Each structure stands twice: as structure tokens, then as C-alpha cells.
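# Coordinates in review
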Amino acid sequence: MDAAREIDVAVVGAGQAGLSAAYFLRRAGMLPGQDFVVLDHSPGPGGAWQFRWPSLTYGRAHRVHELPGMPLEGADPDRPSAEVVAEYFDRYERAFDLRVRRPVNVSAVRDAGDGDRLLVGTDGGDWSARALINATGTWDRPFVPRYPGQELFLGRQLHTAGYRGREEFAGKRVIVVGGGTSAVQLLLEIADVAAATTWVTRRPPVFHTGPFGEDQGRAAVALVEERVRQGLPPQSVVSVTGLPMTEAMAAARARGVLERLPMFDRLTPGGAVWASEARRGSSPSLAAGSWWGCPQRSEGECPHRPKAGGGRHVDADVVLWATGFRAALDHLAPLRLREPGGGVRLDSLTRVARDHRVHLIGYGPSASTVGANRAGRSAVREVRQLLRAPAGAVAVG
């Protein structure tokens, strides 16, 4: 077996977070291939963006925040975001000579046994690093909850990770499951071609109108950060902020597309069943001020308000699970970083409490394009402090 190649810092992942970290390592005077290495399992530049569905154009995507040191200018809003971002990331990697190695799959990260180094095992050889900046995101771990009857459903089931366009849903009866922005975007697309759509969410969706400023953004991120500091699995920022009411959403609401049902009790061979809507409660909740969830003027007028007794059955050909993703951290399992609550606790913006050699960016409060830039800078600052410390002086375990 070949000896592990020694490096000061290994960066795993070359999406927004990984490239941000690599940029700040470069700016600190560290050299790729000599002081640090960037490992990415994707076939090309672009991070998770390169896998987005073609109908998600740059103009319709959540804002793609610029990477540090290079503006994203002149992008055609009608081009697929996958193409725009992949080209931008490619220019960025070349401009700063980051020398990303791909495709490289990281299988496991282990302690080297000396209290100083980490062994990063890959299908392209092993690396021995004093610090690890993990930026693997969530795209590789689509989450589909378990519900009775899933194995009996005779139609098609897919996650948003496998969505490629609305054409494949033409003439179909589609149930869209999920309360996030992607769920609503795809619901609006599919509704134009499907025979029928049904929107199902676990909690009543909450929309907000008007501006969403920096103060609201900071408050939302603080709530996510608090969960991470407690060692709990992070929630998405959208789950805290609610859904922004766009013109397209308002128009769809007027057409009745955004009429929502609670989660079904089970799937059947031909659709979904709600055993007792009165028990589960189907009407979206109403919030004060500019926040609301019901497509009618008041809660009392909402057509989703359940009637006493009875249930409901909806016929379906397709169930689209827009139920989000989980952090792709399986390769870190040998380090035993998780807390009893199921999450990885951070004692700074990015540093893992159980092992100060490991930093997570694009996790929890930094799981956004703008948050990843800030997290990359923070992680590199603390990694440089670690590298100046005597061997074995790092908090581990």
C-alpha cells in the first residue's frame, strides 16, 4: 500500500463552501498541492448546481452569491443555472489556480493515532492532513421520509434530486410533498402540464410578503446556529424564514394551485389516503401581520378547513418527494463527531467541538451561498492557528 501523502489541510468538496475555503487558504500564502489539497467527487466544476434541473434558470434560482475575489457578472437570466454556475466556478478555479482534484471519492476520515494528523482515505490514494475542512453539502443525501404503503404504490416516486423537467409529468396526477421553496417552484411548473396536482406538507406553510432584510436574515441564521451549538441536526434556514411570496406564487395561489393538504396517513396502490382530516387538521395556519398561509381572505373562509368525520383519497400517478436533504457526513463517521442529539456540535462558526482539527462549512448556519463565504474565511483563520500549535496540542475527543 502506498504511503499517505502529507499535506497541512485537506478540503473535501468544491462547491461554494469548498472554493471559498480554498481561496482564503491561497490568500494566506498556502500553495495547492504543497500545503493544501481540494478533493471533489463531482465530474466537473459547479458543485451541486451542475445537477440542477434544466428548467431552473439563473433568473429563477435563489440568488447565487459571488465567490470571494471574483464577481459574477453578465449572466443570462434565461440560461439554466447549472450552466451559469458551472462556468463561473470553472473560471474561478483557474483564476486562483486552486487545482481541484476530481473525480475523487472520499470514503473515510480517521484519526492517524498520533493525536495530530487525520488520514483521509480516497479512491485516488490516501492523504495525511493536520486539518480537514469539510464542505460536502447535502446534495448526495436526498431525504425521503417513510410512510405506510410506499412499497405498494404502483405509480412513480422520485425525489427532487431526480427531477429533470415538467414534461415527464404531462397528463399525470401528481402529489408534491414538501413545504420548502423547491417544492413550491416544482409545483408551479408541474401544474401547467399535469392533469392534477395535490400539494402536501407536514406543517402548514407560512408565506411572507414584503422585504426580507438583513435583520430578519440574521435572526433566522441565529436560530439555526443555536440548534447546531446544542448538538442537534440543523434545520434549513427556509424552515425558519418562511416562503417569500413572489408574483408567480401569488398568481398560482389565485388559481388554487397553492391549496395545501396535511400529510397523508398512507399511500395506496393508486394514490394517498387521509384517514381523518378532522383529526389531523388541514387548514393552513394564519399568522399576524404580513405572514399568512391560507389562500382565502380569512381562516374561517378557507376551503381546506376540515369537516367533521370522514377522510379523503386522492388518486395519483406520481409522488414527488420535495423533502430536502441531509448533511453528507458519512465519511466522517470514524471520528465519532455526532452528539447524542444526532447533530455535530460546533463551538465556533465552523469548528467541531469534539475535534478541533475538523471544520464544517456549508453546514447549519453556513448552509447558504453567502454564509459559505463567511464560513470559509472563519475556518481558514482557525486552521492557521491550529497549524501554529505544537503537535498533539489540539482538542480531540
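Note that the coordinates shown come from a computational prediction; the quantities given were computed from them, not determined experimentally.

### Description of the pairing of strand 2 (residues 36–39)
The alternating pattern of strand 2 places Phe36 and Val38 on one face and Val37 and Leu39 on the opposite face, and all of these are buried. By the bridge criterion, four bridges tie strand 1 (residues 5–12) to strand 2 in an arrangement that is parallel. Directly across from Val12, in strand 2, lies its bridge partner Leu39. Crossover connection from strand 1 via helix 1 (residues 16–27) to parallel strand 2: handedness right-handed.

### A look at helix 2 (residues 81–95)
Compared with an ideal rise of 1.5 Å per residue, which puts 15 residues at 21 Å, helix 2 spans 21 Å between its outermost C-alpha atoms and is within 8% of the ideal. Residues Ser81, Ala82, Val84, Val85, Ala86, Tyr88, Phe89, Tyr92 and Glu93 constitute the buried set of helix 2. Here the buried face of helix 2 lies against helix 1. Of the residues trailing helix 2, Asp97 is marked for its positive phi of about 50°.

### What about the layout of surface pockets?
Considering only enclosed or pocket space, the second largest pocket measures out at about 220 Å³ in volume. Looking at the lining of the second largest pocket, the elements with two or more residues in it are helix 3 (181–191) and helix 6 (247–255). The biggest single contributor to the lining of the second largest pocket is helix 3, with five residues. Within the lining of the second largest pocket, the residues separate by chemical class into five nonpolar, four polar and two charged.

### With respect to the pattern of salt bridges
Scanning the entire structure with this criterion turns up 19 salt bridges. Asp90 is the salt-bridge partner of Arg94, the closest N and O atoms lying 3.2 Å from each other. Here Arg94 and its partner Asp90 are both found in helix 2, four residues apart, which amounts to about one turn of the helix. Put simply, Arg26, Asp97 and Arg99 are held in one network by salt bridges that share partners.

### Some points on empty space enclosed by the protein
In this structure the tally under the stated criterion is three cavities of 30 Å³ or more. In terms of lining residues, the largest cavity is bounded by Asn134, Ala135, Thr136, Gly137, Thr138, Ala327, Leu329, Leu360, Ile361, Gly362 and Tyr363. Among the residues making up the lining of the largest cavity, the classes are represented as six nonpolar, five polar and no charged.

### Focus on the sheet that holds strand 7 (residues 173–177)
Paired through their backbone hydrogen bonds, the strands of a sheet run either parallel or antiparallel. Taking strand neighbours across the sheet as the criterion, the five strands line up as 6-16-7-8-11 in an open arrangement whose pairing is parallel. Two strands lie at the open edges of the sheet, namely strand 6 (156–159) and strand 11 (260–262), each paired on one side alone. Neighbouring strand axes in the sheet, compared pairwise and without regard to direction, differ in orientation by 25° on average. Looking at chain direction, strand 6 and strand 16 (residues 318–321) are connected through four bridges and run parallel.

### What about the nonpolar core?
If you look at the biggest cluster of nonpolar residues, it comprises 64 residues, and the most contacted ones within it are Val9, Leu19, Leu25, Ile133, Leu258 and Ile361. Beyond its immediate stretch of four places on either side in the chain, Leu258 contacts Val184, Leu187, Leu188, Trp199, Phe207, Met249, Ala252 and Arg253. By size, the runner-up hydrophobic cluster in this structure holds 25 residues, among which are Val104, Trp127, Val228 and Ala327.

### A closer look at the packing of aromatic side chains
Counted by the stated rule, this structure contains 14 aromatic pairs. Ring centres of Tyr23 and Phe24 lie 5.0 Å apart, and the angle between their planes is 80°; on these two criteria the pair is classed as edge-to-face. Both rings, one in Tyr88 and one in Phe89, keep their centres 6.0 Å apart while their planes meet at 50°; by these two values the pair is tilted. Note on Tyr88: relative accessible area 0%, which makes it buried. Above the ring of Phe143, the side-chain terminus of Arg326 is found at 3.8 Å from the ring centroid.

### Structural notes on a positive patch on the surface
Among the surface-exposed residues, Arg141, Arg202, Arg203, Arg326 and Arg338 lie close enough to one another that they form a single positively charged patch. Assignment of secondary structure puts Arg202 in the loop between strand 8 (196–201) and strand 9 (207–208). A relative accessible area of 61% means that Arg202 is categorised as exposed.

### A look at the sheet that holds strand 12 (residues 266–268)
Taken in spatial order, the three strands make up an open sheet running 12-13-15, and their pairing is antiparallel. Strand pairing shows two members of the sheet lacking a second neighbour, strand 12 and strand 15 (312–315), which therefore form its edges. On average, each strand axis in the sheet is tilted by 25° relative to the strand beside it, whichever way the strands run. Taken together, the three bridges between strand 12 and strand 13 (residues 271–274) define a ladder with antiparallel strand orientation. Note on strand 13: the bridge partner recorded for Arg266 is Val273.

### Quick word on the confidence of the model for the chain
Confidence along the chain averages 85 in pLDDT terms, with 82% of residues attaining 70 or more. The low-confidence segment residues 277–309, where pLDDT is below 50, has 75 contacts with residues more than four positions distant or belonging to other chains.

Reading the values: rules and limits
Residues numbered from 1 in each chain as written. Predicted model: local features only at pLDDT ≥ 70, side-chain atom pairs only at ≥ 80, totals over all residues. Heavy atoms only, no water. Buried < 20%, exposed > 50% of the residue type's maximum accessible area, 1.4 Å probe, protein only. Helix = DSSP H or I, 4+ residues; strand = E, 2+ residues; numbered from the N terminus. Pairing = 2+ DSSP bridges. Right-handed = clockwise from strand over helix to strand, strands pointing away. Expected span 1.5 Å × (residues − 1). Contact = heavy atoms within 4.5 Å. 1 Å grid on protein atoms, 1.4 Å probe; cavity = no way out; pocket = protein on both sides within 12 Å on 5 of 7 lines; lining within 4 Å. Points joined across faces, edges and corners; volume = space filled by probe spheres on them. Nonpolar A, V, L, I, M, F, W, Y, C, P; charged D, E, K, R; others polar. Salt bridge = Lys/Arg side-chain N within 4 Å of Asp/Glu carboxyl O. Axes fitted to C-alpha atoms, helices over the stretch in contact; angles between N-to-C directions. Core = buried A, V, L, I, M, F, W, Y, C linked by side-chain atoms within 4.5 Å. Phe/Tyr/Trp six-rings, centres within 6.5 Å; stacked < 30°, edge-to-face > 60°. Lys NZ or Arg CZ within 6 Å of the ring centre and 35° of its normal. Patch = residues over 30% accessible without salt bridge, like charges linked within 9 Å, V, L, I, M, F, W, Y side chains within 5 Å. Areas by Shrake-Rupley, 256 points an atom, 1.4 Å probe, with all protein chains shown as cover. Lys, Arg positive; Asp, Glu negative; His and termini not counted. Charge placed at Lys NZ, Arg CZ, Asp CG, Glu CD. pLDDT = per-residue confidence, 0-100.

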